[in-house]
Amino acid sequence: MDRSELEHRISHDPSPVVAAKEFLQHHYEADAEAFRQGADVRALVHARAATVDTVLRLIWNRYPFSSSPDITLVAVGGYGRGELHPHSDIDLLILTRKGTESAWQDDLSAFITLLWDLKLDIGHSVRSVDECINAAKHDITILTNLLETRTIAGPDSLREDLTEQVYLDDVMSDKDYFVAKWEEQQNRHTKYGDTEYNLEPNVKGSPGALRDIQTIGWITKRHFRLENTAELARFSIITDEEHRVLLEGETFLWRLRFGLQLIADRNENRMLFDHQRTLASMLGYKDEGKRLGVELMMQSYYRTVLALTELTDVILQYYDEAILGSGSEDEIRPLNKRFQMRNFYIEAINNQVFAYAPYAIMEIFVLMAQHPEIKGIRATTIRSLRAHRHLIDDVFRSDLAVTSLFMELLRTPHALHETLSAMKKYNVLGRYLPEFGDIIGQMQHDLFHIYTVDAHTMRVIRNMVRLTTEEARTEYPLASRLIHRLPKMDTLFIAGLYHDVAKGRGGDHSELGAIDAEAFCERHHLSERDTRLIAWLVENHLLMSMTAQRKDISDPGIIQAFARAIPSQAHLDYLYTLTVCDISATNPKLWNTWRASLLRQLYIEAKRALRRGIDTPVNRQAWIDATREEAREILNAQNMTNEQIDQIWDTVDEDYFLQDSTVDIAWQTAAIIRHGDNPDPLVLIRDTRGGPTDGYSQIIIYMRDRVALFAATTAVLEQLNLNIVDARINSSEGPHSISSYIVLDEKGQPLGIDPARKERVRKRLIEELDDPEDYPDIIHRRTPRQLKHFAFPTEVTFSNDTINQRTLMEVITPDRPGLLARIGQVLLEHRVRLTNAKIATLGERVEDVFFITDEHGRPLSDPAECEALQQHLCKMLDEIQ
C-alpha cells in the first residue's frame, strides 16, 4: 500500500483502522528486515517516526477540528525529536487555545480511541498553552518534554507560541533547570548502583547510556536554544572529535535498543539474559576462541558507555562553570609548577603541560591522591589529557619518573580505588598497563561473576582500602586485624590489581597473571623478595578459597598439604587478606557467614601447622585420642558416666572426632544420652557463638539409620527455604546415625535471628523423618528466570582418597530447586553411602563435592559402577533443566 492509497482509504473508509494497521505493519516488518540486513539504524529510527507521522496526520484530518486554527497535534519527548524505536512510546500533546478544547471533546475522544484501536503505545494530554506552562512550572518532566516538540497536524503557530514561553525564566530559570536535571541524573545513577557495569544493563537509563546523552541535549536546548548537540561546536563546548564520540556512542546504543525491542516485541530497554545471546547474533557478534559473541557485545557496550560517561562529565562540568559559576570569583590554589586547584578541581597551568612533561599524566593522579579535597579534574584539563594520551607508550611506561610516580600513588594512604577508577575512566590506566586495558569491559556470561573483570578488580582494591577502616572490624574481623600487620600495603594492591588480569586469554589465568605481575615488578624496580611474593600471590590467589570450599578441612592431612604450599606466615596473611577481598568483590551473595568461618578455620589451622613445622604433621590417631579425652572430661563434669559415653562413641567411626570441636562433640553426646530410647528423631539446632561474620546454624539429627535419610533431609530443608552449605553423615556400626547440616537462611544468615523459625524447622524435621514410608517429596519450584539462560551439561568426576578410604565425587551442574535431594536419591538407588558433602553454589553454577563409599564403607573400585552412577546423575540432573 503506497501513501496515496493509504490516504484514500483513511479518508473514505468508515473505519480507517484496517488500512492504518496494514500500513504500519508493513513498514514495521520492512524496517525490522532492513535492520537485520545491517541498515543504518539512525535512518530507520527517523523513518519510523515519519511513518507514524503520516498515519496520525491522515487520521487527524478525518475530523472537523483539523481545519480549526485553535487546535494542533504536537509530538513531544523522544517522538518530538523525530525518534521512534519499534515499540517506543508515542507521546502526543493536543494543544489548544484557551477555552476552545470543550468544543471538540467528543471528536477528540473518538480520535484517541481510534489510536488505541491501532495498538499504538500512545501517551497523550489535551492542554491549552497556558495549562502547559502552568504544568511545566511544577513538573520538570513536563517542562523537558515541551523542549522537544514537532507539529504533526494543525497550525504551527500554537506550538511556536508555547515554545517561546517555555524558555522564559518565569517557568524555570536556567540555573534551576540545570541543577534539577543534574540531580535527576545523579539519582538515576544511584538507582543503577552508580556503575556502568550491570549484568543486565538498561540501554536507556543506566550510567553512560541514552538518558545521559539526552540530558546533555536537554540542558543544551534550555541554555543555548540549540536544536542538537552538533551545534555545540560553534560555542567551543565540544570538539569535533567529542561530537563524533557522542554520535557513534548514541548510534551503537540505538542499535542495541532497536534490536532489543524487535526480539522482545515490546518496549524493552533492559538487556536481559533472555535476550543477550539472540541480540549478539542479530548484531553479528560471533564467538572468538574462548570468548563468546555475547561477551564481545557486552564488552563493546561497557567500553562505549565508559567513554560516554567521560564525555558527559566534561560537558556537564562545563555547564556547571558556565551556568552556575558565571559571575562568581574563582578560588585558585597552586599545587606545584604544573598544576593548580580551581574551585576544588585540579587543572594544568596550561594546555601544553603534558606535551613538554609527559610524566605529568601520572603526576596529576598522584596529586589527587595527596589532596583528597580535590573533587575531580577540570574539563579543559581532561581534554588536554585526552589529546596527549598517545604519549603513553613503551618509552613512557619505562620512564623512571613515571614508574616512581605510580608506586608513590600506590603507597599514598587514600581511597586508591577511586584514583585508579579515575585513571581507568580517562583511559590512562588501560594505556599505562596494557594488560589491564585488555580486560576493561570484559564480562563472563554467568551469574557468578556479576561484574566485568576490571570492575571486579576495582572492587577488590576498594575492599583492601576498607579493611583499614573502623567499619570493617565488624564485617571482616580477622582480615581487618591482619591488614595492619602486613609489611607493605602496595604489595597487596599490586597482587589485587593483577590477580585476574589474564582472564579471557586462554590457559591458566593465575599462571599468566603471575608472569605479568613479575614483569610489572621488574619495570617498577621492586626488590626480588617483593617480586616473588606478588607473583606467588597472583599465581595462588584461588588456593585458599578452593581448599576451604571444596576440601574437608577437618582432615589434618588436608591442612598439612595446604600448609606445605605456603612459604611463610607472611604469605599466609597476605593470601588470606587477598582471598577475603576477592570473594566479597565477586558477588555480594557469595560472601556469607559460612564462607567466612571456613576461611577463618583454614587460616587458624594453617597458622598452627606453620608454627609446628610442616615436617612435623599431626598424628591422626593422637588427634582423635586427644579429642575423645577432652570431650570425655567435659561430659564427666556433667555427671555422664564412661559407660554411657562409650555406648554412643563405640558405634561411630573415627572421622566423627576429626570434624567438630570437643565442645560440640560433648554437646551432641550429652543430648543423645539424655534422648535415651526415645524412638523419635533427635533434632538439635544451634548457632555458632562466633562474631557476626562467622555465624551459621548447625542442625544435628540423631535417629535410626535409613538409606534414604540424606535425600529426605535435604528435601525437607529445601522446602523450608534453607540453604545447605555443608553436610556430614556419620553412619555408625549400630542402628543409629548422626547427621550434621550447616544451613543459612535465604539472606545468608543463621536461624538464631528468628527463634520461632528455628523451632518450626526442628518440629518439621521430626515430623517428616519419623516415618520411613512417608519421606517428603522432592521440592518442585520454578527455576528462576536468570538461571534458565545458563544451562550446560552436568559434569561428574571421581577420584579416590586412599588415606581416608573414600571416593570423592565432584558434581558441576546448573543450580535448580531440589538439586541435593535428587543427588541423594540417585546415590540411594546405587547403594552408595554419603559420609560428607561440600556444597558450593557459584551464581548459576553448582560445584559440589561428595565424599562417598560403597555399602561396606570402602572406596568405589568398580569402573563400571562409577560410569553407571555418573550417567544416571547426568541424565537425571540434565532432564530437569
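Shown above is the structure to which this text applies.
**Section: the overall build of the protein**
In terms of helices and strands, the protein carries 40 helices and 17 strands. Each principal axis of the C-alpha atoms in the protein carries an extent, and together these give about 105 × 75 × 50 Å. Intrachain contacts of the protein at a sequence separation of at least 6 include 71% that bridge at least 24 residues.

**So, the packing of helix α25 (residues 489–498) against helix α30 (residues 569–586)**
When two helices pack together, their arrangement is captured by the angle between the axes and the distance separating the axes. The contact between α25 and α30 brings their axes to 11 Å, and the two run at 50°. Judged by the angle between their axes, α25 and α30 are oblique. Between α25 and α30 lies a crossing of right-handed hand. Contacts from Thr491, Leu492, Ala495 and Gly496 in α25 reach Tyr574, Thr577 and Leu578 in α30. Looking at the contact of α25 with α30 residue by residue, the class counts come to 4 nonpolar, 3 polar and no charged.

**Description of the packing of helix α2 (residues 17–36) against helix α11 (residues 240–264)**
Between α2 and α11, the shortest axis-to-axis distance is 11 Å and the interhelical angle comes to 125°. The angle between α2 and α11 falls in the class oblique. In the packing of α2 onto α11, the handedness of the crossing is left-handed. Counted together, Tyr28, Asp31, Ala32 and Phe35 of α2 and Arg255, Phe258, Gly259, Gln261 and Leu262 of α11 form the full contact between these two elements. Classifying every residue of the contact of α2 with α11 gives 5 nonpolar, 2 polar and 2 charged.

**Description of α25**
Among the 10 residues that make up α25, 9 are buried, leaving the element largely enclosed by the rest of the structure. Restricting attention to buried positions, one finds in α25 the residues Asp490, Thr491, Leu492, Phe493, Ile494, Ala495, Gly496, Leu497 and Tyr498.

**Let's talk about the pattern of salt bridges**
Taken as a whole and assessed by the stated rule, the structure comprises 51 salt bridges. Ionic pairing is found between Arg150 and Asp53, a salt bridge with its closest N-O pair at 2.8 Å. With Arg150 in strand β4 (residues 149–153) and Asp53 in helix α3 (residues 41–60), this pair connects stretches of sequence that are 97 residues apart. We note a salt bridge from Arg686 to Asp664, for which the minimum N-O separation is 2.2 Å. One end of the pair, Arg686, is in strand β9 (residues 682–687); the other, Asp664, is in helix α35 (residues 662–675), and 22 residues separate them in sequence. According to the relative accessible area criterion, Arg686 is buried, its value standing at 19%. The exposure class of Asp664 is buried, given its relative accessible area of 16%. In the salt-bridge network here, residues are joined through shared partners; they are Glu242, Glu310, Arg383, Arg386 and Arg389.

**Considerations on the side chain of Thr586**
Summarising the element assignment, Thr586 is placed in helix α30. Side-chain polar atoms of Thr586 contact the backbone oxygen of Asp582, separated by 2.8 Å.

**A few points about the sheet that holds strand β6 (residues 339–342)**
Here we have 4 strands laid out as an open sheet, ordered β5-β6-β7-β8, and mixed in their pairing. Single-partner strands in this sheet number two, and they are β5 (332–334) and β8 (376–377). Bridge analysis of β5 against β6 gives 3 bridges, and the strand direction is antiparallel. Looking across to β6, one finds that Pro334 is bridged to Gln340.

Thresholds, definitions, all that
- Residues numbered from 1 in each chain as written.
- Predicted model: local features only at pLDDT ≥ 70, side-chain atom pairs only at ≥ 80, totals over all residues.
- Heavy atoms only, no water.
- Helix = DSSP H or I, 4+ residues; strand = E, 2+ residues; numbered from the N terminus.
- Contact = heavy atoms within 4.5 Å.
- Axes fitted to C-alpha atoms, helices over the stretch in contact; angles between N-to-C directions.
- Parallel < 35°, antiparallel > 145°, perpendicular 65-115°, else oblique.
- Left-handed = near helix turned anticlockwise from the far one by under 90°.
- Nonpolar A, V, L, I, M, F, W, Y, C, P; charged D, E, K, R; others polar.
- Buried < 20%, exposed > 50% of the residue type's maximum accessible area, 1.4 Å probe, protein only.
- Salt bridge = Lys/Arg side-chain N within 4 Å of Asp/Glu carboxyl O.
- Polar contact = N/O pair within 3.5 Å; in protein donor to acceptor, adjacent residues only side chain to side chain.
- Pairing = 2+ DSSP bridges.

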